[in-house]
Amino acid sequence: MFDVEKIRKDFPILERKIWDDKPLVYLDNAATTQKPKAVIESLVNYYENYNANIHRGVHKLAEEATSVYELVRDKVKNLVSCKDNSEVIFTRNTTESINLLAHSLGESLNEGDEILLTEMEHHSNIIPWYLLRNRKKINIRFVPITDQYELDYEKLEKLVTKKTKIISVTHKSNVLGVINDIGRISTGTSGCRPLLIVDAAQSVPHMKINFADLGCDFLVFSSHKMCGPTGVGVLVGKKESLEKIPPFLGGGEMVRKVTFDNFTSNDVPWKFEAGTPNIADVIAFGTAIEYLEKIGLENIHKYEIELTKYALEKLSGFNFLKIYNSRGVGIITFSNPVVHPHDIATIVDQEGVAVRAGHHCAQPLMSRLGVLATTRASFYFYNTKKEIDIFIDALQKAFDYFEVGACKELKQERVDLVSVQKKDK
Amino acid sequence: MQTKTMPQLNELYREIILEHYRKPCGREPLDKVDYHAEGTNPLCGDEVKIGLQIKNNKIEKVYTEGHGCSISIASGSILADILRGKTLEEAKKISEYLKCTMQWKNNNFCDDVGDLRALEGVKKFPVRIKCALLPWTTFEEALMGHDRIEIS
């Protein structure tokens, strides 16, 4: 497949030690990934050799910066197989891409229209719609998940009516790791023709995506979760859809003509890129895409399936754990009644292991699962089985520390959040 | 289990802390509540409720309840334990003591802090300081709010 040890040498940070002598075991990749040397060098190269503002300048540096920046659109186009590079818009992050859509698509919504989300959405795919609901009198509905932590497709199809104008759904849950069947959603709901938005922040970095095959109208993701720098997000949309909707932010670059009365918008994609964009980071993001394609996204996906299987097997040794993963890939989230996720994260951190503890920006999902917080380990292609062993040993230390088993009397009373959530609907 | 291989951790999770976590004080609901507040840590979802019953200018009973990590639960339990019998002024001083401790500031102005000293190790774990302070900031909110809410 590929040589993990060789790949690890591309990432300077993987050399570092935590607490003087522990090698870093970075298992928080769903939050952000580490950067290969090539990406870091690409940033430095831009600033050292051709730093200039793009599109407006006539000089050599401006021309070089513009052409490299615009070339990244091609790279994104090839990465997700959309039709044209004008269908690729750069934003700050996935969150901004969704806010852009909520704002610009929201303009044409009317009172009583419905937006369909799912119970497994990240806050970034909930709050922009709540903000829109505050402006327009629309309704938001949530598609439930099954007890196997998967999307309930039958319920989804029943929830779609003529009133449903937008379905916005995650491609891969940042908590459950489950990959949703977007094709099934797009074909199953085509009768009512709602617009379909796919939050691909957790999928594009880990598997080969084909925009046309997914059958969605918009696809959003972030550079920093796929070896690229922070501060760059992507919105891919069908050209005809992007042309129809109004701009999000106003300013330079997004206009064709401005008078004392009014303005006319620029063409897509620039219509949605107001102001000086994040030139350096977009350029380095292009290097990240090249890097990932060299390794091969199919290879990455296969390797992560293997890592996940290995980790789940090892975790099954802790029979008191509740693991919220039945078919998820690359992300394993769990809880237990005794040791709080924060305490687990602190203790494993002492062993150099970085995991996430908390609600993972998915509080509604946490309430559906009946917990306030969980622990999450998330992998990328540079992780190894040896690192998973270190993680498991560190977890064992955490459970020993809290004498799991010896303090069975500790039962945290809590309101049954699952039933509260159901009552809301 | 205290282990020699994790000295930093032993300082964070002193046995007293773990005992408070396992058997927290102040879980008895109050029949009458003079001050009440609910606090959450939006970063991690930890929740705490504090209720106080006052008699003759002193805190007669304290109710705490919460969902969270060992540090926040233990801190709430210690709060319930040591604020009983204190005047509001004394209680505020103890709260100030903990805040100063977490900021590595002089905390010599307060002697009678009971098990609270056990939380000193938390200051070496900056991301966990909020956990230790949550019940105390909630307590201060309760004093400011003057809420009279019946907890049944």
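Bear in mind that the values here come from a model prediction, so they are computed numbers and not experimental data.

## Observations regarding the interface of chain A and chain B
Then, in step 1: Opposite the 25 residues of chain A that make contact, chain B presents 29 residues.
Then, in step 2: A buried area of about 2300 Å², summed over both sides, lies between chain A and chain B, and 57% of it is on carbon and sulfur atoms.
Then, in step 3: Contact with chain B buries area across many residues of chain A, yet A:H342, A:L372 and A:Y401 alone supply 28% of it, more than any other trio.
Then, in step 4: Taken together, chain A and chain B are joined by two salt bridges.
Then, in step 5: One salt bridge connects B:R22 with A:E403, and the closest N-O pair in it is separated by 3.2 Å.
Then, in step 6: Secondary structure elements with two or more residues in the side of chain A that touches chain B: α12 (341-349) and α14 (385-401) of chain A.
Then, in step 7: Looking at the side of chain A that touches chain B, the element that brings in the most residues is α12(A), giving four residues.
Then, in step 8: Of the residues that constitute the side of chain A that touches chain B, the class distribution is ten nonpolar, seven polar and eight charged.

## Notes on the pattern of salt bridges
Oppositely charged side chains can pair when the atoms bearing their charge come close.
Residues and elements named next belong to chain A.
Then, in step 1: This model, assessed by the stated rule, comprises 32 salt bridges over all chains.
Then, in step 2: Here R56 ties to E253 by a salt bridge, and the two come within 3.2 Å at their closest N and O atoms. Highlighted residues: R56 in the loop between α2 (37-49) and α3 (60-80) and E253 in the loop between α9 (239-244) and β11 (255-258), separated in sequence by 197 residues.
Then, in step 3: Judged by relative accessible area, which is 45%, R56 ranks as partly exposed.
Then, in step 4: Assessed through its relative accessible area of 13%, E253 is described here as buried.
Then, in step 5: Residues R92 and E96 are paired through a salt bridge, measuring 2.8 Å at the closest nitrogen-oxygen approach.
Then, in step 6: On the basis of relative accessibility, which here comes to 14%, the residue E96 falls in the buried class.
Then, in step 7: Through salt bridges with shared partners, a single network forms among K22, E351 and K397.

## A word on the domain arrangement of chain A
In many analyses, interface size is given as the accessible surface area lost on bringing the parts together.
Residue and element names in this part refer to chain A.
Then, in step 1: The domain boundaries assigned to chain A delineate domain 1 (4-30 + 296-401) and domain 2 (40-293).
Then, in step 2: Computed from C-alpha atoms alone, the centre-to-centre distance between domain 1 and domain 2 is 28 Å.
Then, in step 3: When the buried surface of domain 1 facing domain 2 is broken down by residue, L297, L365 and R368 rank first, second and third, together holding 23% of it.
Then, in step 4: Applying the counting rule to domain 1 against domain 2 returns three salt bridges.
Then, in step 5: D147 is the partner of R368 in a salt bridge, and the nearest nitrogen-oxygen pair spans 3.8 Å.
Then, in step 6: Summed over the shared surface of domain 1 and domain 2, the result is 20 residue pairs in polar contact (both at pLDDT 80 or more).
Then, in step 7: Counting residues per element, the ones that place at least two in the side of domain 1 that touches domain 2 are α11 (297-315), β13 (322-323), β14 (331-335) and α13 (363-369).
Then, in step 8: The greatest single-element share of the side of domain 1 that touches domain 2, amounting to six residues, is contributed by α13.

## Here's the deal with helix α5 (residues 127-135) of chain A
Residues and elements named next belong to chain A.
Then, in step 1: Within α5, burial applies to P128, W129 and L132. All buried residues of α5 fall inside an arc of 95 degrees around its axis, so they share one side.
Then, in step 2: The inward-facing, buried residues of α5 contact α4 (94-106), β5 (114-118), β6 (139-143), β7 (164-170) and β8 (195-199).

## Quick notes on empty space enclosed by the protein
All names here are of chain B.
Then, in step 1: Applying the stated criterion across every chain, the model contains one cavity of 30 Å³ or more.
Then, in step 2: One number sums up the size of the largest cavity: a volume of about 80 Å³.
Then, in step 3: Forming the boundary of the largest cavity are 14 residues, of which V48, G66, S72, I73 and G76 lie nearest the centre.
Then, in step 4: Listed by contribution, the elements that provide at least two residues to the lining of the largest cavity are β2 (46-55), β3 (58-67), α3 (70-83) and α5 (129-145).
Then, in step 5: The element that contributes the greatest number of residues to the lining of the largest cavity is α3, accounting for four residues.
Then, in step 6: Of the residues contributing to the lining of the largest cavity, the split by class is six nonpolar, five polar and three charged.

## Side note on the layout of surface pockets
Then, in step 1: Approximately 660 Å³ is the volume attributed to the largest pocket.
Then, in step 2: As for the largest pocket, its lining consists of 25 residues, of which A:H342, A:A345, A:A357, B:V127 and B:R128 are closest to the centre.
Then, in step 3: For the lining of the largest pocket, the secondary structure elements donating two or more residues are α12, β15 (353-354) and β16 (356-358) of chain A together with α5 of chain B.
Then, in step 4: Partitioned by chemical class, the residues of the lining of the largest pocket number 13 nonpolar, seven polar and five charged.

## Quick word on the packing of aromatic side chains
Then, in step 1: A complete count under the given rule lists 20 aromatic pairs over all chains for this structure.
Then, in step 2: Aromatic side chains A:F318 and A:F399 sit 5.1 Å apart centroid to centroid with 65 degrees between the ring planes, which places their arrangement in the edge-to-face category. Placement of A:F318 in the loop between α11 and β13 and of A:F399 in helix α14 is noted, with a sequence separation of 81 residues between them. As far as the burial class goes, A:F318 and A:F399 line up, both buried.
Then, in step 3: Ring-pair connections join several aromatic residues into one group, and the members of that group are A:F11, A:Y291, A:Y380, A:F381 and A:Y382.
Then, in step 4: Above the plane of the ring of B:W104 lies B:K123, whose end atom (NZ or CZ) is 4.3 Å from the centre.

Parameters and conventions
Residues numbered from 1 in each chain as written. Chains lettered and ligands numbered in written order. Predicted model: local features only at pLDDT ≥ 70, side-chain atom pairs only at ≥ 80, totals over all residues. Heavy atoms only, no water. Contact = heavy atoms within 4.5 Å. Buried area = accessible area lost by both parts, 1.4 Å probe. Salt bridge = Lys/Arg side-chain N within 4 Å of Asp/Glu carboxyl O. Helix = DSSP H or I, 4+ residues; strand = E, 2+ residues; numbered from the N terminus. Nonpolar A, V, L, I, M, F, W, Y, C, P; charged D, E, K, R; others polar. Buried < 20%, exposed > 50% of the residue type's maximum accessible area, 1.4 Å probe, protein only. Domains from an automatic or database assignment. Polar contact = N/O pair within 3.5 Å; in protein donor to acceptor, adjacent residues only side chain to side chain. Arc of directions from axis to C-beta. 1 Å grid on protein atoms, 1.4 Å probe; cavity = no way out; pocket = protein on both sides within 12 Å on 5 of 7 lines; lining within 4 Å. Points joined across faces, edges and corners; volume = space filled by probe spheres on them. Phe/Tyr/Trp six-rings, centres within 6.5 Å; stacked < 30°, edge-to-face > 60°. Lys NZ or Arg CZ within 6 Å of the ring centre and 35° of its normal.

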